Amino acid sequence: MSDRVLIVDFGSQVTQLIARRVREAGVYCEIHPFNRVSAESITAFGAKGVILSGGPASVADFGSPRAPDGLFALGLPILGICYGQQTLCEQLGGKVEPGDHREFGRAMLTLVEPCALFEGVVAKGEQTQVWMSHGDRVTALPPGFKVVGTSEGAPFAAIANAEKRIYGVQFHPEVVHTPIGKQLLSNFVHKIAGCAGDWTMKAFRAQEIAKVRAQVGKGRVICGLSGGVDSSVVAALLHEAIGDQLVCVFVDTGFMRSGESEQVVSVFRDRFNIKLVHKDASELFLSKLAGQTDPEKKRKTIGATFIDVFEEEARAVGGADFLAQGTLYPDVIESVSFTGGPSVTIKSHHNVGGLPERMNMKLVEPLRELFKDEVRALGRELGLPDDMVGRHPFPGPGLAIRVPGQPLTRENLDILRKADSIYLDEIRKAGLYDQIWQAFAVLLPVRTVGVMGDSRSYDYACALRAVTSTDGMTADFYPFEMAFIGRVANRIINEVKGINRVTYDITSKPPGTIEWE
């Protein structure tokens, strides 16, 4: 088993970023809420080091979060970040008080003493930019600690007890606004905690295949393929692990992008030789949505119909003992109540939500320890084609929610599909696809007058959308050059019968959403 680090979460909005940085350093880590961590659980986890995250509470408040007292007796290397630094100081005999001068945003850190955490990154006497977000601050250090870094608002901005290998920083090394942060976290896990840095996708692949084989035994597994990255990677991994014990069901709703249905069938049936049931249910989905324009009702109808079709196909192949789904690590983290609530159920972030109970199957979730970018890396490791692994996010209801304010028909879906294909083709030709989080076309419920040749036209208007983002929670429009927009518009108007006007959406998120519905 690879070396591992445990991150104790005190509720910071950026705790996941700590995990990302640690994993980028080749070290496996997990995030556990502070109220579910004990010295015994840390030992059972096999941690070689512990990181205490930031958080919104004040150490001075009654009942505010604390690290388990037994942690400090384990002799493990510890790094406290922001609130994590404050609580370790308070718990070890130091003092924390509300700050007279709060620090939010960029600050300059001065390294006043050499320190293993900063080795090879910042030298004594040098300054470096860091990102602060705190009101409270340490005012007295615990016995055995010394100051190694200061800032204008934080005289104890970085502290160390080198003998006990316990370190604390008031700033946030996990965010990109601390340019040296990635190196600091790497120093902690490698040089201080002594982790080997051997956690790779190749190692994960072998480890997860062994786990799947042990869990499934001789049982049968069914997997709902959507054509998206997560379900595709799950299918490829499971096929390598259990071969013909896996059956994939691809329900074609008729709302896929151009060529996607054919690609799914080609990759999984022809290239990987996976047992694949391809159900063309486009007529059924269109009939269920006939005359429907409300976006929420469309989503619910599509979801319910998908479950019905999937369940029917699962029965047709003789059922299964396990259901495979693409639960990711962020889903796992978000499903655990930070405040200690009773629910620890994994969220249904997948196309077949509700099926496990109805079909009496156990779950197989081989991706539940991975972030999205790690899933893509695993897909490449498994030999999935780049254009499938690197594909932009695509909503479960597909093109059905990109035809807003009008009933869905084969005609308007085909018009949209052609426009969308041209748009993505031009983005790829310009070498921009990987710089954009998501790009797509929307067929507007508007017809406009145009002149095509010597004739009057009265056709649809089309909107183009492209955004940049890191996680999809916030986004900004991609700043295409106008010549590019003009080229795309010209192609769409000339090649897609039914569209005579093209617009570009420059709304950010918030206030807008990425999708139109």
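Residues numbered from 1 in each chain as written. Predicted model: local features only at pLDDT ≥ 70, side-chain atom pairs only at ≥ 80, totals over all residues. Heavy atoms only, no water.

Draft legend 1. Summary view of the overall build of the protein chain. Of the regular secondary structure elements, the protein chain holds 15 helices and 18 strands. Computed over its C-alpha atoms, the radius of gyration of the protein chain comes to 26 Å, within 12% of the 24 Å expected for a compact globule of 517 residues. Across its three principal directions, the C-alpha atoms of the protein chain cover 85 × 60 × 40 Å. Per-residue burial over the protein chain gives 55% buried out of 517 residues. Restricting to contacts in the protein chain with at least 6 residues of sequence separation, those with at least 24 account for 74%. Of the roughly 22,400 Å² of accessible surface on the protein chain, a fraction of 50% belongs to carbon and sulfur atoms. (Helix = DSSP H or I, 4+ residues; strand = E, 2+ residues; numbered from the N terminus. Rg over C-alpha atoms; globule rule 2.2 N^0.38 Å. Buried < 20%, exposed > 50% of the residue type's maximum accessible area, 1.4 Å probe, protein only. Contact = heavy atoms within 4.5 Å. Areas by Shrake-Rupley, 256 points an atom, 1.4 Å probe, with all protein chains shown as cover.)

Draft legend 2. Representation of the packing of helix H14 (residues 410-429) against helix H15 (residues 482-495) within the structure. For the pair H14 and H15, the least separation of the axes is 10 Å and the interaxial angle reads 145 degrees. Along this stretch, H14 crosses H15, giving a crossing that reads as right-handed. Residues Ala419, Ile422, Tyr423, Asp425, Glu426, Ile427 and Lys429 of H14 lie in contact with H15, whose contacting residues are Phe484, Arg487, Val488, Arg491, Ile492 and Glu495. Its residues assigned to classes, the contact of H14 with H15 shows seven nonpolar, no polar and six charged. (Axes fitted to C-alpha atoms, helices over the stretch in contact; angles between N-to-C directions. Left-handed = near helix turned anticlockwise from the far one by under 90°. Nonpolar A, V, L, I, M, F, W, Y, C, P; charged D, E, K, R; others polar.)

Draft legend 3. A look at the pairing of strand S3 (residues 47-52). Burial within S3 is extensive, with five of its six residues counted as buried. Note: strand S1 (residues 4-9) against S3, five bridges, orientation parallel. For Arg4, the partnering residue across the bridge sits in S3 and is Ala47. In this sheet, strand S4 (residues 78-81) lies alongside S3 in parallel orientation, the contact comprising three bridges. Along S4, the bridge assignment pairs Ile51 with Leu79. (Pairing = 2+ DSSP bridges.)

Draft legend 4. Here's a closer look at the nonpolar core. Membership of the largest hydrophobic core comes to 51 residues, with the highest contact counts inside it found for Phe255, Tyr423, Ile427, Leu464, Phe480, Ile492 and Ile499. Elements represented by at least two residues in this core include exactly strand S11 (246-252), helix H8 (282-288), helix H9 (295-316), H14, strand S15 (438-452), strand S16 (455-468), H15 and strand S18 (499-504). The leading source of residues in this core is H14, at eight residues. With residues near it in sequence (within four places) discarded, Ile427 still touches Leu432, Tyr433, Ile436, Ala439, Phe480 and Phe484. In terms of nonpolar packing, the next biggest core, distinct from the first, is built from 42 residues, Val234, Phe272, Val364 and Leu384 among them. (Core = buried A, V, L, I, M, F, W, Y, C linked by side-chain atoms within 4.5 Å.)

Draft legend 5. Local environment of the sheet that holds strand S14 (residues 362-364). The five strands lie next to each other as S12-S11-S10-S13-S14, forming an open sheet whose pairing is parallel. Two strands in the sheet have a free side with no partner beyond their single neighbour: strand S12 (275-280) and S14. For this sheet, the mean inter-axis angle between neighbouring strands, taken without regard to orientation, is 25 degrees. With six bridges joining them, S11 and S12 adopt parallel strand pairing. Bridging across to S12, Val249 finds its partner in Val277. Seen against the sheet, helix H5 (residues 201-216) touches strand S10 (221-225), strand S13 (322-324) and S14 and runs at an angle of roughly 165 degrees to S14. Here helix H7 (residues 260-271) sits on the sheet and contacts S10, S11 and S12; the angle it forms with S12, its principal contact strand, is near 160 degrees.

Draft legend 6. Representation of the confidence of the model for the protein chain in the model. For the protein chain, the average pLDDT comes to 89, and 93% of its residues sit at 70 or higher. Under a pLDDT of 50 for its full length, residues 337-353 has, in the predicted model, 35 contacts with residues more than four places off or in other chains. (pLDDT = per-residue confidence, 0-100.)

Draft legend 7. Representation of the pattern of salt bridges within the structure. The tally for this structure, following the rule as stated, stands at 27 salt bridges. The shortest N-O distance in the salt bridge between Asp230 and Lys372 comes to 3.0 Å. Placement of Asp230 in helix H6 (residues 229-242) and of Lys372 in helix H12 (residues 372-381) is noted, with a sequence separation of 142 residues between them. Given a relative accessible area of 32%, Lys372 falls into the partly exposed group. (Salt bridge = Lys/Arg side-chain N within 4 Å of Asp/Glu carboxyl O.)

Draft legend 8. The packing of aromatic side chains, seen in detail. A complete count under the given rule lists eleven aromatic pairs for this structure. For the ring pair Phe306 and Phe310, a centre distance of 6.1 Å and an interplane angle of 15 degrees mean the geometry is stacked. Pair noted here: Phe306 and Phe310 are both in helix H9, with a separation of four residues, about one helical turn. Judged by relative accessible area, which is 8%, Phe306 ranks as buried. Taking the relative accessible area as the measure of exposure, Phe310 reaches 0% and is therefore buried. One aromatic cluster is present, built from ring pairs that chain together Tyr423, Tyr478, Phe480, Phe484 and Tyr504. Above the ring of Phe45, the side-chain terminus of Arg4 is found at 4.4 Å from the ring centroid. A cation over an aromatic ring shows up here: Arg20 above the ring of Phe371, its NZ or CZ 5.2 Å from the ring centre. (Phe/Tyr/Trp six-rings, centres within 6.5 Å; stacked < 30°, edge-to-face > 60°. Lys NZ or Arg CZ within 6 Å of the ring centre and 35° of its normal.)

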